[in-house]
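Coordinate inspection notes
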Amino acid sequence: MQIHVEVNGRTQTFEAMPGESLLSLLRREGYLSVKRGCEEGDCGACTILLDGRSVRACLLLAAQAEGRRITTVEGLGSIERPHPLQQAFVDAGAVQCGFCTPGMILSAKALLDETPRPDEGQVREALDGNLCRCTGYKKIIEAVLLAAQRMKP
Amino acid sequence: MTKPKSFRVVGKPVAKKDAPALALGAPLFCADRVPPRCLVGRILGSPHAHARIRAIDISAAEKLPGVHAVLCHTNVPRVMRTTAGQGAPEPSPYDFTTFDAKVRFVGDRVAAVAAETAAIAEEALRAIRVEYEVLEPVLDPRQAMKSGAPVIHDEPDAHAVIPVPYEPQRNLASHVDTMVGEPDRAFREADIVLEGEFVTPYAQHTPIETHCCLAEPLLDGRLRLTTSTQVPFHARRIVAQALELPVSRIHVVKPRIGGGFGAKQEVLIEDVAALLAQRSGRPVYLELSRREEFVSSRTRHSMVVGLKIGAQKNGELAAVDLRVLSNTGAYGSHALTVSCNCGSKVLPLYRWPHIRFTADAVYTNLPVAGAYRGYGATQAAFAMESLMDELARRLGCDPIELRLRHAIRKGETSPIFRALGEGSEGVEQSIGSTGLERCLKLGARAIGWKKKWGNARWHAPQGALRRGIGMCALMQGSSIPQVDMGGAFLKLNEDGSFNLLVGATDLGTGSDTVLAQVAAEVLGVNVEQIVVTSSDTDLTPFDVGAYASSTTYLSGMAVRKAAENAAAQIRKVAARLLSAKASEIRLENGSAVAPGGKSVTLARVACHSLYEHDQHQIAGFASHISEKSPPPFSAHFAEVVVDTETGLVKVEKYVAAVDCGTAINPQLAEGQTEGAVLNGISYALCEEYLFTEQGRMRNDSFREYKIFCTRDVPQLTTILVPTYEPTGPFGAKSVSEIGINGPMPAISNAIFDAVGVRLRQAPFTPERVLEALRRG
Ligand code: FES
Ligand code: FES
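Please read all numbers here as calculations on a predicted model, not as lab measurements.

1. Digging into the overall build of chain A
- Scanning chain A for helices and strands turns up five helices and five strands.
- Its helices and strands taken in sequence order, chain A reads β-β-α-β-β-β-α-α-α-α from the N to the C terminus.
- In summary, chain A has a C-alpha radius of gyration of 15 Å against a globular reference of 15 Å for 153 residues, a match within 12%.
- In terms of overall dimensions, chain A has C-alpha extents of about 45 × 30 × 25 Å along its principal axes.
- Working note: accessible area of chain A is about 6,200 Å², and carbon and sulfur atoms make up 47% of it.

This is the structure:
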């Protein structure tokens, strides 16, 4: 089945297999920042932005993305010009193994797009569906607050 | 080694080398490297906890179009071994083979397939016909050694490879006992004797990336395994053993990996992936689902820890008796060494004159235990630090004072160091550095201990809520002495940069960065000048891998020595260029500097040595073996609120003060501590495997097996207390494991402080708290 989507600003046509999850399709198409941690919607490693809202790609069928706008971490920044969230994660020491990082950054982006100056409670709330077993979350929360501060208009 | 006056790179919060790429979502993990048209591997797990496979028919599966290999016990050679990634010969029993005619827990391997798609692979699994003879399972570790209990390892070829007690016919996977002095007499003569039984649950590491491995047949007949492992060299050896191939035929590469925490010190699925690739002649990618990860990877040994301590009224310690019953599950991976660690990482903390320590690890038909951050110290520290709290209360003294008075000091030794090794005698050592006293003091200050401890006003009830405060002291080790070895190789390039090749394994801990800092410090360059290649068995020197809190301490020392070796060669070339004495040349800011201030860049030195005169490669190589295992020390403090109506325990504040020697990278050391502490709090409050009466795990998903998320994090303070360990690189010890041991006792002690009941069975769920309150 053909799926038409916009991924990271580019219009794409993908061939999805019947019953295929959006996670599987995106990874097959090379968006490898979208991680697979449980495939049951519980870990947040597969978080993407769908029309700007953070969703779990493993819970969606590829077909549900038809005509919609997807953002993955690949679309945020580059090594020369990282997104402020990416830079803040590096600076705050919020990246240990890095497996949860893309999902965390996208959940944080969805938050900052809506609420540019969140308090700590709002950050915790926004990242609550993203599991991390390495960091204890402290530096992740700090990174999001740091990015918010740096992104101040 | 003596302490240098100041450091340039060590002790600085240098950014983690791989962090920028990881933050960009770069394809650096195993699953990201799967080539096109790679086959998909799948494993068939047993539905029974204990059964014999009477017959297995794989012919229908083999005939399915798109299926390229089917493995089971009838077509895979039987090689008894262990999955534990330890130094050889391993202290874990050889009670495992790739596929057996018997299954010993729900989820135990029965067969495996490789197929063109996941759907075909799953269809193939369904097409495998297995006839089981269901046997009575052993699910209670206390019943396992009773006479008449079903024997789990009745196969005649299960055996221990080192001379240690091993009696599979009694379901005994390992036994340790050791005694110092006359504990019985000392207990009789003690004024106070306290005793308790502490129960810890089955729990899991749950790395967010499950176990996964890509196996690729190479054109020269070798096999390349790209695998999420903590132990690439042990993985190479063990896969070679399983496939009956020389190690030269196996190439193991560890890419970035999504967490390990001990779970990936196990060579768990590499054997299956390798066999599937070998049989099919195609690349095969095998990844455990989250449910498989829960059920069939590894867990923390569930334990019943019996502890008795004796003291005099004046507070003197008299004796300790520690009895461990460890449930190793269906296989004895790490059974012996984890139970040894219960004694060796907990008993030396206080100066007990008389000691008895016994530990049995028993087989049951439950999921398999293994290495998990803390490695036995976690379970035993719960018991010890709880009873020390009780002792302080009996003596009417501040629990901090009790620890200060009895903790081992610099220059002192413990008879336990010599008595307890890894299945053999241990190694005598004296304490070269300890910051425990400062940890206790700084931690107490940070949590406001003086204002809160014993203060009735602070404790005043608010409705159903009660406040409490508790603490504990901890020690761990740094590497396995006279066993662990790490190697490092370093070469100079034309631009003054270096390639550092290490066997050491970065699990996300940041060890690549830490090791680069060590090299940069010696060579007088920036970390950016050190290009690190690690964990590739074809390219890098050997290293035992990332376990036993060894990488910074042990591999760091190998790097330091290799760098010093290269530095000496640089000085020699520079001496010629600067007409100075080699011994007087200093390396700083990317240059070699002679006493008068004349200097030459390392780039110039490199080009001279590569192209101009007496051409040679400036390169340093060293390996290091640790002679001791210097303990890091730590003090933890917890402030809790207990809701006496719901039983809910909320940790409000948590302080961990840790002495890891010199923190080579303070930000990473903090991160290690925060991660370990939060995992420990989560373990203390909510993590626990639940089983059906048939031994099947009931809560095998993150929805049912809850781990802490952002909303649950208490206010967490980490304090690094610097000391200088003379045997470590630039004074470093270890930091990765110790932090996980504190929360269970610190929170239990705080709960007692709040509501006056002792919780001796973890996790401290609302039901358990309410039950304890009812009993009073
Ligand atoms: S993989 Fe989608 S939530 Fe875990
Ligand atoms: S950094 Fe490893 S899971 Fe978050």
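2. A word on the overall build of chain B
- The secondary structure content of chain B amounts to 21 helices and 26 strands.
- In summary, chain B has a C-alpha radius of gyration of 27 Å against a globular reference of 28 Å for 776 residues, a match within 12%.
- The principal-axis extents of the C-alpha atoms in chain B amount to approximately 85 × 70 × 50 Å.
- Sorting the 776 residues of chain B into buried and exposed places 66% on the buried side.

3. A word on the domain arrangement of chain A
Residues and elements named next belong to chain A.
- Under the domain assignment used here, chain A contains domain 1 (2–75) and domain 2 (84–150).
- For domain 1 and domain 2, the distance between their C-alpha centres works out to 21 Å.
- Taken together, the 17 residues of domain 1 in the interface contact twelve residues of domain 2.
- With both chains or domains summed, domain 1 and domain 2 bury close to 1,100 Å², and 65% of this area falls on carbon and sulfur atoms.
- Where domain 1 packs against domain 2, one counts zero salt bridges.
- Between the two partners, domain 1 and domain 2, sit four residue pairs in polar contact (both at pLDDT 80 or more).
- Top element by residues in the side of domain 1 that touches domain 2 is strand E3 (residues 47–50). It accounts for three residues.

4. A look at the pairing of strand E25 (residues 649–659) of chain B
All names here are of chain B.
- Counted residue by residue, E25 has eight buried out of eleven residues, so it is predominantly covered.
- Examined bridge by bridge, strand E24 (residues 633–643) and E25 share ten bridges and lie antiparallel to one another. Within E25, the residue paired with glutamate 639 across the bridge is lysine 653.
- Hairpin connection, E24 to E25: the antiparallel pair is bridged by five residues, and glycine 647 has positive phi, about 85°.
- Tracing the backbone out of E25, into helix H19 (residues 666–685) and back to the parallel element strand E26 (residues 715–720) gives a crossover that is right-handed.

5. Observations regarding the pattern of salt bridges
- On inspection of all chains with the given rule, the structure shows 63 salt bridges over all chains.
- Where A:Arg36 meets B:Glu287, a salt bridge forms, and the shortest distance between an N and an O atom there is 2.8 Å. In this pair, A:Arg36 is assigned in the loop between helix H1 (22–28) and E3 and B:Glu287 in strand E12 (residues 284–287), connecting two distinct chains.
- On the basis of relative accessible area, B:Glu287 is assigned to the buried category, the value being 17%.
- A single salt-bridge network, built from bridges that share partners, covers B:Asp389, B:Glu390, B:Arg393, B:Asp753, B:Arg758 and B:Arg760.

6. Quick word on the sheet that holds E24(B)
Residues and elements named next belong to chain B.
- Taken in spatial order, the four strands make up an open sheet running E16-E24-E25-E26, and their pairing is mixed. Both edges of this open sheet fall to strand E16 (465–475) and E26, since each of them pairs with a single strand only. Going across the sheet, the axis of each strand differs from the next one's by a mean of 10°, ignoring polarity.
- Strand direction decides the pairing type here: E16 and E24, joined by eleven bridges, are antiparallel. Bridge pairing in E24 places arginine 467 opposite valine 641.
- Contacts between helix H11 (residues 399–406) and the sheet are confined to E16 and E24, with E16 contributing the most and set at about 5° to the helix.

7. Some details on the side chain of B:Thr226
- Relative to the helices and strands, B:Thr226 resides in strand E10 (residues 223–227).
- With residues near it in sequence (within four places) discarded, B:Thr226 still touches B:Cys30, B:Arg33, B:Cys212, B:Cys213, B:Leu214, B:Glu216, B:Val253 and B:Pro255.

8. Quick look at the nonpolar core
- Residues A:Phe89, B:Ile747 and B:Phe764 are the most contacted members of the largest nonpolar core, which totals 159 residues.
- Sort the elements by how many residues they give to this core and helix H10 (residues 377–395) of chain B lands first, with ten residues.
- Setting aside chain neighbours within four positions, we find A:Phe89 in contact with A:Ala94, A:Val95, A:Thr101, A:Met104, A:Ile105, A:Ile140, A:Ala143 and A:Val144.
- Counting 49 residues, the second-largest nonpolar core is a separate cluster that includes B:Val559, B:Ala606, B:Ile664 and B:Leu668.

9. A short note on the domain arrangement of chain B
All names here are of chain B.
- Assigned domains of chain B: these are domain 1 (38–135 + 211–287), domain 2 (302–480 + 628–775) and domain 3 (485–625).
- In this assembly, 21 residues from domain 2 lie in contact with 18 residues from domain 3.
- Summed over both partners, the interface of domain 2 with domain 3 buries about 1,500 Å², with 65% contributed by carbon and sulfur atoms.
- A per-residue breakdown of the area domain 2 buries against domain 3 is headed by Ile664, Pro729 and Phe730, which together make up 37% of the total.
- Here domain 2 and domain 3 share seven residue pairs in polar contact (both at pLDDT 80 or more) between them.

10. Let's talk about the interface of chain B and chain A
- Counting residues at the interface gives 53 residues for chain B, matched by 44 residues for chain A.
- Of all residues in chain B, B:Leu24, B:Ile208 and B:Thr710 give up the largest surface area on contact with chain A, accounting jointly for 19% of the area buried on that side.
- On the surface where chain B and chain A come into contact, there are ten salt bridges.
- Between B:Arg711 and A:Glu125 there is a salt bridge, and its shortest N-O distance comes to 3.3 Å.
- At the boundary of chain B and chain A, one finds 27 residue pairs in polar contact (both at pLDDT 80 or more).
- Within the residue set of the side of chain B that touches chain A, elements represented by two or more residues are helix H1 (19–23), E12, helix H8 (290–296), H19 and E26 of chain B.
- The greatest single-element share of the side of chain B that touches chain A, amounting to nine residues, is contributed by H19(B).
- Here the residues of the side of chain B that touches chain A sort into 25 nonpolar, 17 polar and eleven charged.

11. Digging into the packing of aromatic side chains
All names here are of chain B.
- For the structure on display, the rule yields 19 aromatic pairs over all chains.
- Relative to phenylalanine 637, the ring of tryptophan 449 lies with its centre 5.8 Å away and its plane at 70°, an arrangement referred to as edge-to-face. Within this pair, whereas tryptophan 449 is found in helix H14 (residues 449–452), its partner phenylalanine 637 is found in strand E24, the two being separated by 188 residues in sequence.
- A relative accessible area of 3% means that tryptophan 449 is categorised as buried.

12. With respect to helix H20 (residues 743–755) of chain B
Residues and elements named next belong to chain B.
- Helix length check: H20 (13 residues) gives 18 Å between terminal C-alpha atoms against 18 Å at 1.5 Å per residue, within 8%.
- Among the 13 residues in H20, twelve count as buried, and that is most of the element.
- Once H20 ends, the next one or two residues include glycine 756, with phi positive near 75°.

13. Comments concerning the packing of helix H17 (residues 551–578) of chain B against helix H18 (residues 602–612) of chain B
All names here are of chain B.
- Orientation of H17 relative to H18, taken along the N-to-C sense of each, is 90°, at an axis distance of 10 Å. For the element pair H17 / H18, the angle class is roughly perpendicular. Packed against H17, whose contacting residues are Ile570, Val573, Ala574, Arg576 and Leu577, the element H18 presents Leu602, Arg604, Val605, His608 and Ser609 at the interface.
- Tallied by class, the residues present in the contact of H17 with H18 amount to six nonpolar, two polar and two charged.

14. Here we look at the sheet that holds strand E22 (residues 599–601) of chain B
Residues and elements named next belong to chain B.
- Judged by pairing direction, the sheet is antiparallel, and its three strands sit side by side in the order E20-E21-E22 without closing on themselves. Both outer strands of the open sheet, strand E20 (586–588) and E22, are each paired with one neighbouring strand and no more. Strand after strand, the sheet turns through a mean of 25° between neighbouring axes, direction not considered.
- In the sheet, E20 pairs with strand E21 (residues 591–593) via three bridges, with the strands oriented antiparallel. What sits directly across from glutamate 588, in E21, is serine 591.

15. Overview of unusual backbone geometry
Residue and element names in this part refer to chain B.
- In this structure, proline 89 follows alanine 88 across a cis peptide bond, with omega equal to -5°.
- Within the secondary structure, proline 89 is located in the loop between strand E3 (67–72) and strand E4 (102–103).
- At tyrosine 375, a position not held by glycine, the phi torsion is positive, near 50°.
- Take tyrosine 375: it is sitting in the loop between strand E15 (354–363) and H10.
- On the basis of relative accessibility, which here comes to 12%, the residue tyrosine 375 falls in the buried class.

Calculation criteria
- Residues numbered from 1 in each chain as written.
- Chains lettered and ligands numbered in written order.
- Predicted model: local features only at pLDDT ≥ 70, side-chain atom pairs only at ≥ 80, totals over all residues.
- Heavy atoms only, no water.
- Helix = DSSP H or I, 4+ residues; strand = E, 2+ residues; numbered from the N terminus.
- Rg over C-alpha atoms; globule rule 2.2 N^0.38 Å.
- Areas by Shrake-Rupley, 256 points an atom, 1.4 Å probe, with all protein chains shown as cover.
- Buried < 20%, exposed > 50% of the residue type's maximum accessible area, 1.4 Å probe, protein only.
- Domains from an automatic or database assignment.
- Contact = heavy atoms within 4.5 Å.
- Buried area = accessible area lost by both parts, 1.4 Å probe.
- Salt bridge = Lys/Arg side-chain N within 4 Å of Asp/Glu carboxyl O.
- Polar contact = N/O pair within 3.5 Å; in protein donor to acceptor, adjacent residues only side chain to side chain.
- Pairing = 2+ DSSP bridges.
- Right-handed = clockwise from strand over helix to strand, strands pointing away.
- Axes fitted to C-alpha atoms, helices over the stretch in contact; angles between N-to-C directions.
- Core = buried A, V, L, I, M, F, W, Y, C linked by side-chain atoms within 4.5 Å.
- Nonpolar A, V, L, I, M, F, W, Y, C, P; charged D, E, K, R; others polar.
- Phe/Tyr/Trp six-rings, centres within 6.5 Å; stacked < 30°, edge-to-face > 60°.
- Expected span 1.5 Å × (residues − 1).
- Parallel < 35°, antiparallel > 145°, perpendicular 65-115°, else oblique.

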